[in-house]
Amino acid sequence: MSITVAIDGPAASGKGTLARKVATHFGLAYLDTGLLYRAAGMKMLDGLAPIEAARKLSAADLERPDLRSAEAGRAASRVAADGDVRAALLDFQRAFAHRAGGAVLDGRDIGTVICPGAEVKIYVTASEGVRARRRHAELTAGGAQIALEDVQRDLAERDARDRGRASAPLRPAEDAVQLDTTELSIEDAVARAVALVAAHL
Ligand code: C5P
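Residues numbered from 1 in each chain as written. Predicted model: local features only at pLDDT ≥ 70, side-chain atom pairs only at ≥ 80, totals over all residues.

Visitor: What's the story with the confidence of the model for the protein in this structure? I'm lost.
Guide: As a general rule, the predicted coordinates of low-pLDDT regions are not to be interpreted in detail. On average, the protein scores 96 in pLDDT, and the residues at 70 or more come to 100%. Scoring of the predicted complex yields 0.96 for pTM and 0.99 for ipTM. (pLDDT = per-residue confidence, 0-100.)

Visitor: Explain the nonpolar core to me, please; I cannot follow it from the model alone.
Guide: The nonpolar side chains of soluble globular proteins are, as a tendency, buried together. With 27 residues, the main nonpolar core has V5, I7, V22, V104 and L105 as its most contacted residues. Those elements that place two or more of their residues in this core are β1 (4-8), α1 (15-26), β3 (103-107), α6 (110-114), β4 (120-125) and α9 (186-198). When neighbours within four sequence positions are excluded, L105 is seen to be in contact with A6, L31, T33, Q93, F96, A97, I110, I114 and C115. Formed by 17 residues, the second largest nonpolar core is a distinct cluster that contains A54, A76, A80 and A88. (Core = buried A, V, L, I, M, F, W, Y, C linked by C-beta atoms within 7 Å. Buried ≥ 20, exposed ≤ 12 C-beta atoms within 10 Å, placed from the backbone. Helix = DSSP H or I, 4+ residues; strand = E, 2+ residues; numbered from the N terminus. Contact = placed C-beta atoms within 7 Å.)

Visitor: I keep staring at the site of the ligand and nothing clicks. Help me out?
Guide: Lining the immediate surroundings of the ligand are 14 residues, of which G34, Y37, S77, A80 and G107 lie closest. Contributions of two or more residues to the shell around the ligand are made by α2 (34-45), α4 (70-79) and α8 (148-164). In terms of residue class, the shell around the ligand is made up of four nonpolar, five polar and five charged. (Near = placed C-beta within 6 Å. Nonpolar A, V, L, I, M, F, W, Y, C, P; charged D, E, K, R; others polar.)

Visitor: It is not clear to me how the UniProt feature "domain: Cytidylate kinase" (unreviewed entry) in the protein should be interpreted in this structure. Could you clarify?
Guide: The feature "domain: Cytidylate kinase" (unreviewed entry), as annotated in UniProt, sits at residues 5-53 and 66-197 in this numbering. For residues 5-53, the helix share is 57%, the strand share is 16%, and the end-to-end C-alpha distance is 28 Å. What you have in residues 66-197 is 55% helix and 11% strand, and the ends, taken at the C-alpha atoms, are 33 Å apart. (UniProt positions renumbered as here; feature names shortened; annotations may be inferred.)

Visitor: I'm lost on α4 in this one. Help?
Guide: Working note: α-helix, 3.6 residues per turn, so residues spaced by three or four point in the same direction. The set of residues buried in α4 consists of A72, G73, A75, A76, S77 and V79. Turning to α4, the residues buried within the fold contact α2, α3 (50-55), α5 (83-97) and α8.

Visitor: Hey, could you run me through the UniProt feature "binding site: ATP" (unreviewed entry) in the protein in this one?
Guide: UniProt feature "binding site: ATP" (unreviewed entry): in the numbering of this structure it lies at G9, P10, A11, A12, S13, G14, K15, G16 and T17. Positionally, A11 belongs in the loop between β1 and α1. Contacts of A11, omitting those with residues within four sequence positions, involve G73, R131, R135, L155, R158 and D159. Mapping K15 onto the fold places it in helix α1. With 28 C-beta atoms packed within 10 Å, K15 lands in the buried category. Not counting residues within four places of it along the chain, the set of residues in contact with K15 comprises I7, D8, G9, D106 and V124.

See below:
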């Protein structure tokens, strides 16, 4: 089976959880492409120019424990607006997507730029309030002390930058199925995504 599943959407929409569970369900490889940008962003904060940070990404960079922090999210969205950074990360993502055995990738531009030919494209959304509450719960469970309003403002700024950039802006591919998870449990959202993938097998 060499199906490619592209899952895109704004920050904290639930796309990561969904993508991981769909991959496990079908035994597909999974790539969280946000981690590439987060790792490049942290290298930039360490002092590298964004393009150098992207070119020099190593497996060890992807295992830093601070990649899930709000700081890494902000830095990621800054380096991600640079077209040269995106170009430097493209081949790795495409090769992953086309590996034998099939793959699920989640991000912002998987269905539009990385894998325009993906068999299944899902664009995951949720209301701003629900996304902020989910991300806040995630960050505080990880030990961070951060106010809900700060998380909400952070997400809004990041989404505006991701949607407004010239290079690969966040938007649904024309042939993507939209999945609004505002009022769905994780199980229900996964069941819908699994049904979409199963229809292509
Ligand atoms: O998905 P996650 O929140 O980890 O992504 C962090 C940031 O990386 C996003 O806000 C976005 O700017 C960038 N990103 C991107 N393209 C992707 C994945 C992430 O621009 N495919």
